[in-house]
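What the coordinates show
Each chain is listed here by its residues.
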Amino acid sequence: MKGGYIGKTLFVNLTDGTIREEPIDPGIAEKYIGGKGYALYVLYRRYLKEYMSKGVSPRDIDPLGPENVLVFATGPITGIVGIPSPGRYHVMALRSPLTGSVGSANSGGEFGPFMKFAGYDMIFIEGAAEKPVYIEIVNGHVDIRNAEDLWGLNTFTTTRVLRERVRHRNTSVACIGPAGENKVLFANIMNDEHRAAGRTGLGAVMGSKKLKAVVVAGDHQPQVANVEEYRKLVAEMAERMRKNPVTGSGLPQYGTAILVNIINQIGGLPYKNWQTGYNPEADKISGETLASKYLIKRRPCWGCQIACGRVTRVQFGPYQILYTEGPEYESVWALGNDTGVMDLEAVIKANHFCDELGIDTISMGSTIATAMELYERKLIPEEDLEGLDLRFGNPAALVEAVWRTAYKAGFGAKLALGSKRLAEMYGAPELSMSVKGLELPAYDPRAAKGIGLNYATANRGGCHVSGYTIASEVLGIPEKTDPLTPTGKAKLAKIFQDLTSVVNSAVNCLFTTFEIGARDYARLFNAVAGYSFTEEDVMRIGERIYNLERYIMSLYGFSAKDDTLPPRLLKEPMPEGPAKGHVVELDVMLKEYYELRGWVNGIPTPEKLRELRIEL
Amino acid sequence: MVRVKILLFATLRDKYGVREIEIESERGDFREVIEKAGEVLGRDFIDDVLTNEGFRNDRIILVNGRHIQFVKDLKLGEGDTIAIFPPLAGG
Ligand code: SF4
């Protein structure tokens, strides 16, 4: 490898304690870059194919069994100084316990870069330990260590203890909290205290492997292939990021929660479990309010010049917390707007508990909101709640519900299953606002049609960042499209999904795409890793990754029947606001989308796979 | 005479020190409403929203929740709302 990559992949088997190492395969890297793409390919070739050759059906893989494989993945531009926002990494698993689809999540902080400095581009974790363990990787030296003394600790304490043990200047800890240990189906992986690989329940996968943490530290420095070109690029891109009003001032000044007001103003901020999309009180929990009342300072991920991360504090009262980070837009929405809790201090506290206990905020808030609607419709009997007063807008119940979920205490054991299983249990599956079992994020597609198509077709389930059409439909980036029309949205969703697959394989931060595009990624890969990609090559790689993931999902039984939305979004017209009367015209968009993708029944055809040079 | 509400967000809120103002307009004309608001908020405000030919494309301007680019008839009526945002994003 000419540059960018460290050049090594690590395989740790927790069942038999074996540790192996392999060089990064240049052929795979050229086709799938790194991060998500490279991980997916290895997951398929190395594990799924082998399981199938032994007669094991992919459908029988238990996401919480030792046969699941978890991957921490970086790419060629992760951890390279000067590259726009290079401090992120991707986590993949053969299967998510929440969705049954491929597990996939992304996080910032320092873990990604430090993992490379520790000596590895990728870490594959197989099997399951009998007793709690953690994996320590320092400058290429790998140990599986006893974690019995750490089991039960929250994520902050775990991080602190392990950092102190390693005592290296570049140390980072990715770990689970009680929620992951207790296999809450939407438990996350937390790194560097407040950064989360949040979605699809990968914390529960770690918990099922009895893996408390992965600690990385080291001094390896990835090389750069073309130093001159790299210097030029870095200077140019830094300048562009600084001049761009979004990456240069909007995100640094207000963080992601700045979206609360605009999404509410277009009538697309889901309120009280998506019963409507406009909340007259939304400003109480907006980014502006957060900045003016609770913000102390910003905290960037490693090497990031945008620095959208918030350090916040609630100084007094029942929700006092003297140091915390966030909440992000999605968390403010899920824990606040979706539950009708308009007390930002309670939302900050609930968000803090989610980080501390290791829980995905979107799925948590959304599952509580579903429970609230079930309860208000008298579908959950009072006694099941064991004193938890789950009425919409109850801040105390919100905060309480978080820890009950993490420890599966009382009704928390039911919340821990996620909204889909919960709503099914109480006989109203339609009240779970999820796709493929993954709770939907903070945009009502009745007010922005393209994001509805993306929700339906996102490989990991109800996810916004797989294909963030909101950039165009609401924010006008790179150009404005009408949010209320389904026309043209199939193409938009596909482009965003393919490009995002590249970003997650690069790996750097998706927010850089508010300024840089496929052409810039080609230049970055060429300068750093010595490729000679064109813009088209890069989009092709993105498409390849997206199709491979789809193909893998089809082995689990996913098909067009799963590319849908909750009935509320398809049949209940938006009751008020600018999108009043609108539903999502999913069928029209889906038809066009499948045609563009070359998929039949929601699955890539053999011709499509061949055309994309996906070797099965 | 119609009354129109203008809502400001993010940096614009800080810059002009208000969240919202109400403007009385003779004709309910978008340009007229912004110019009248400029009399209260200062000339800068007009330049923050309007260009010689129309409105600035590097602002997010919503008229009753619809992006101004997609509003067919820019005639404003009693109780209508104009929401103005600087360029912003999140995720
Ligand atoms: S933009 Fe925000 S999330 Fe992205 S790398 Fe920078 S600080 Fe982290």
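Keep in mind it's a predicted model, so treat the numbers as computed, not measured. (Residues numbered from 1 in each chain as written. Chains lettered and ligands numbered in written order. Predicted model: local features only at pLDDT ≥ 70, side-chain atom pairs only at ≥ 80, totals over all residues. Heavy atoms only, no water.)

1. What to know about the overall build of chain A
The condition is simple: The helix count covers DSSP runs of H or I at least four residues long, the strand count covers runs of E at least two residues long, and both are numbered beginning at the N terminus. The size measure is the radius of gyration over C-alpha atoms, and the globule rule it meets is 2.2 Å times the number of residues to the 0.38 power. Under the scheme applied here, a residue whose accessible area is under 20% of the maximum for its type counts as buried, over 50% as exposed, and between as partly exposed, the area being computed with a 1.4 Å probe on protein chains only. Here, residues are in contact when the closest pair of their heavy atoms is within 4.5 Å. Per-residue and other accessible areas follow the Shrake-Rupley method at a 1.4 Å probe size, with only the shown protein chains counted as cover for residues. Neither His nor the chain ends contribute to the count of charged residues, in which Lys and Arg are positive and Asp and Glu negative. The atom standing in for a charge is NZ when the residue is Lys, CZ when it is Arg, CG when it is Asp and CD when it is Glu.
Counting its secondary structure elements, chain A contains 24 helices and 19 strands. Taken against the 2.2 N^0.38 rule, which gives 25 Å for 616 residues, the C-alpha radius of gyration of chain A at 22 Å falls within 12% of a compact globule. Expressed as a percentage of its 616 residues, the buried residues of chain A come to 67%. Within chain A, residue pairs in contact and separated by at least 24 positions form 71% of the contacts whose partners lie at least 6 positions apart. Summed over all atoms, the accessible surface of chain A reaches about 19500 Å², with 50% contributed by carbon and sulfur. Once the 70 positive and 72 negative side-chain charges of chain A are each reduced to a mean point, those two points are 2 Å apart.

2. Points about the nonpolar core
Side chains of a nonpolar character, in soluble globular proteins, are inclined to be buried together. The line we're drawing: What we call a nonpolar core is a set of buried Ala, Val, Leu, Ile, Met, Phe, Trp, Tyr and Cys residues that are connected through their side-chain atoms within 4.5 Å.
In this structure, Leu 390, Phe 411, Leu 475, Tyr 521 and Phe 525 of chain A are the most contacted members of the largest nonpolar core, which totals 184 residues. Once residues lying within four places of it in the same chain are set aside, the contact partners of Leu 475 of chain A are Leu 259, Tyr 468 and Ile 470 of chain A together with Ile 60, Leu 88, Ala 89 and Gly 90 of chain B. Residues Leu 70, Tyr 89, Val 91 and Ala 197 of chain A belong to the second largest nonpolar core, which totals 33 residues.

3. Details of the site of the ligand
All names here are of chain A. Spelled out, the test is: Throughout, near means a residue has at least one heavy atom within 4 Å of the molecule or strand. Three residue categories are used. Nonpolar comprises Ala, Val, Leu, Ile, Met, Phe, Trp, Tyr, Cys and Pro, charged comprises Asp, Glu, Lys and Arg, and polar comprises the others, including Gly. Just so you know, the domain bounds were taken from an automatic or database domain assignment.
Close contacts around the ligand come from Ser 85, Arg 88, Arg 195, Pro 300, Cys 301, Cys 304, Ile 306, Ala 307, Cys 308, Cys 509 and Phe 511, and that covers them all. Partitioning the shell around the ligand into residue classes produces 8 nonpolar, 1 polar and 2 charged. Summarising the domain contributions, the shell around the ligand has at least three residues from each of domain 1 (8-217) and domain 2 (255-438).

4. Remarks on the interface of chain B and chain A
We count it as follows: Joining two parts hides part of their accessible area as seen by a 1.4 Å probe, and the buried area is that hidden amount summed over both. Note on definitions: salt bridges are taken to be side-chain nitrogens of Lys or Arg within 4 Å of carboxyl oxygens of Asp or Glu. Between N or O atoms, a polar contact is any pair within 3.5 Å; within protein, one atom must be a potential hydrogen donor and the other a potential acceptor, and residues adjacent in sequence are included only when both atoms are from side chains.
Counting from both sides, the interface comprises 24 residues of chain B and, opposite them, 33 residues of chain A. When chain B packs against chain A, the two sides together hide about 2200 Å² of surface, and 63% of this comes from carbon and sulfur. Taken as a group, Leu 88, Ala 89 and Gly 91 of chain B account for 27% of the area that chain B buries against chain A, more than any other trio of residues on that side. The interface formed by chain B and chain A contains 3 salt bridges. The partner of Arg 19 of chain B in a salt bridge is Asp 283 of chain A, with the nearest N and O atoms 2.8 Å apart. The interface formed by chain B and chain A includes 8 residue pairs in polar contact (both at pLDDT 80 or more). At the level of secondary structure, the elements contributing two or more residues to the side of chain B that touches chain A comprise α1 (10-16), β3 (60-63), β4 (66-67) and β5 (81-85) of chain B. Counting residues per element, the side of chain B that touches chain A draws most heavily on α1 of chain B, at 4 residues.

5. Looking at the domain arrangement of chain A
All names here are of chain A. Domains assigned within chain A are domain 1 (8-217), domain 2 (255-438) and domain 3 (444-611). The C-alpha centroid of domain 3 is placed 26 Å from the C-alpha centroid of domain 1. Facing 43 residues of domain 1, the contacting portion of domain 3 comprises 30 residues. Buried area between domain 1 and domain 3, summed over both chains or domains, comes out near 3200 Å², and the portion from carbon and sulfur atoms is 68%. The largest per-residue losses of area from domain 1 upon contact with domain 3 belong to Ile 33, Lys 36 and Ile 77, which jointly make up 19% of the total buried on that side. On inspection of domain 1 and its partner domain 3, the count reaches 1 salt bridge. In this structure, Glu 549 and Lys 36 form a salt bridge, with 2.9 Å as the shortest nitrogen-oxygen distance. On the surface where domain 1 and domain 3 come into contact, there are 15 residue pairs in polar contact (both at pLDDT 80 or more).

6. Some details on the packing of helix α11 (residues 329-337) of chain A against helix α13 (residues 361-376) of chain A
Residue and element names in this part refer to chain A. Applied cut-off: Lines fitted to C-alpha atoms define the axes here, with helix axes fitted over just the stretch in contact, and angles between the N-to-C directions of these axes take values from 0 to 180 degrees. For this classification, under 35 degrees means roughly parallel, over 145 means roughly antiparallel, 65 to 115 means roughly perpendicular, and everything else is oblique. Crossing handedness is read from the near helix: turned anticlockwise from the far helix by less than a right angle, it gives a left-handed crossing, and turned clockwise, a right-handed one.
Where α11 contacts α13, the axes come no closer than 7 Å and their chain directions differ by 20°. When the axis of α11 is compared with that of α13, the two are roughly parallel. Pair α11 / α13 crosses with left-handed handedness. Residues Glu 330, Ser 331, Trp 333, Ala 334 and Leu 335 of α11 touch α13, and the partners they reach there are Thr 361, Ile 362, Met 364, Gly 365 and Ser 366. Its residues assigned to classes, the contact of α11 with α13 shows 5 nonpolar, 4 polar and 1 charged.

7. Observations concerning the sheet that holds strand β6 (residues 122-126) of chain A
Residue and element names in this part refer to chain A. Quick note on the threshold: Strands are labelled as partners when DSSP assigns at least two bridges between them.
If you trace the 6 strands from one edge of the open sheet to the other, you get β2-β1-β6-β3-β4-β5, paired in mixed fashion. Of all the strands in the sheet, the pair left with one neighbour each is β2 (19-23) and β5 (103-107). Pairwise comparison of adjacent strand axes, ignoring direction, gives a mean angle of 15° for this sheet. Two strands pair when backbone bridges link them, and strand β4 (residues 89-93) and β5 are joined in this way by 5 bridges, in the antiparallel orientation. Opposite Val 91, over in β5, you have Ala 105 as the bridge partner. On the sheet, helix α2 (residues 35-53) packs against β1 (8-13), β2, β3 (70-73), β4, β5 and β6 and is oriented at approximately 35° with respect to β6.

8. Examining the packing of helix α17 (residues 449-457) of chain A against helix α19 (residues 489-506) of chain A
Residues and elements named next belong to chain A. Put simply, α17 and α19 touch, their axes get as near as 9 Å, and they point 55° apart. One way to sum up the angle between α17 and α19 is to call them oblique. Two packed elements cross with a definite hand, and for α17 against α19 that hand is right-handed. Here Gly 450, Leu 453, Asn 454 and Thr 457 of α17 lie close against α19, whose contacting residues are Lys 489, Ala 490, Ala 493 and Gln 497.

9. Things to note about helix α20 (residues 518-529) of chain A
Residue and element names in this part refer to chain A. Quick note on the threshold: In a helix, the anticipated span is given by 1.5 Å times the number of residues less one.
Over its 12 residues, α20 runs 16 Å from end to end, which matches the ideal 16 Å to within 8%, given 1.5 Å per residue. Of all 12 residues in α20, 11 are buried; the element is thus mostly enclosed. Where α20 is concerned, the buried positions are Ala 518, Asp 520, Tyr 521, Ala 522, Arg 523, Leu 524, Phe 525, Asn 526, Ala 527, Val 528 and Ala 529. Looking at the buried residues of α20, the elements they touch are α7 (227-243), α19 and α21 (535-555). Note on α20: the residue one or two positions beyond its end, Gly 530, has a positive phi of about 75°.

10. What to know about the environment of Gly 277 of chain A
All names here are of chain A. Of note, Gly 277 is situated in the loop between α9 (259-265) and α10 (287-293). The exposure class assigned to Gly 277 is buried, which follows from its relative accessible area of 0%. Sequence separation between Gly 277 and Tyr 455 is 178 residues; the distance between their C-alpha atoms is 17 Å. Look past the residues within four positions of Gly 277 in its chain and what remains in contact with it is Asn 264, Gly 267, Gly 268, Leu 269, Pro 270 and Met 574.

11. Description of the sheet that holds strand β9 (residues 171-175) of chain A
What holds strands together in a sheet is hydrogen bonding between their backbones, with the strands either parallel or antiparallel. Residues and elements named next belong to chain A. The strand order across the open sheet built from 6 strands is β8-β7-β12-β9-β10-β11, with neighbouring strands paired in mixed fashion. Of all strands in the sheet, those with a lone pairing partner are β8 (141-146) and β11 (195-197), marking the two edges. Taking each pair of neighbouring strands and ignoring which way they run, the sheet shows an average axis angle of 20°. Pairing of strand β10 (residues 189-191) with β11, which is carried by 3 bridges, proceeds in the antiparallel orientation.

12. Points about the side chain of Thr 171 of chain A
All names here are of chain A. Within the element layout of this structure, Thr 171 appears in strand β9. Residue classification places Thr 171 among the buried positions, given a relative accessible area of 5%. Here His 168 takes part through its backbone oxygen, which lies 2.7 Å from a polar atom of the side chain of Thr 171. The residues touching Thr 171, leaving out its near neighbours within four places in the chain, are Phe 114, Arg 163, Val 166, Val 215, Val 216 and Ala 217.

13. Describing the pairing of strand β15 (residues 321-325) of chain A
Residue and element names in this part refer to chain A. Across 3 bridges, the pairing between strand β14 (residues 310-314) and β15 is antiparallel. The residue bridging Thr 312 from the neighbouring strand is Thr 324, located in β15. Where β14 folds back on β15, the antiparallel hairpin that results is connected by 6 residues, among which Gly 317 adopts a positive phi of roughly 90°.

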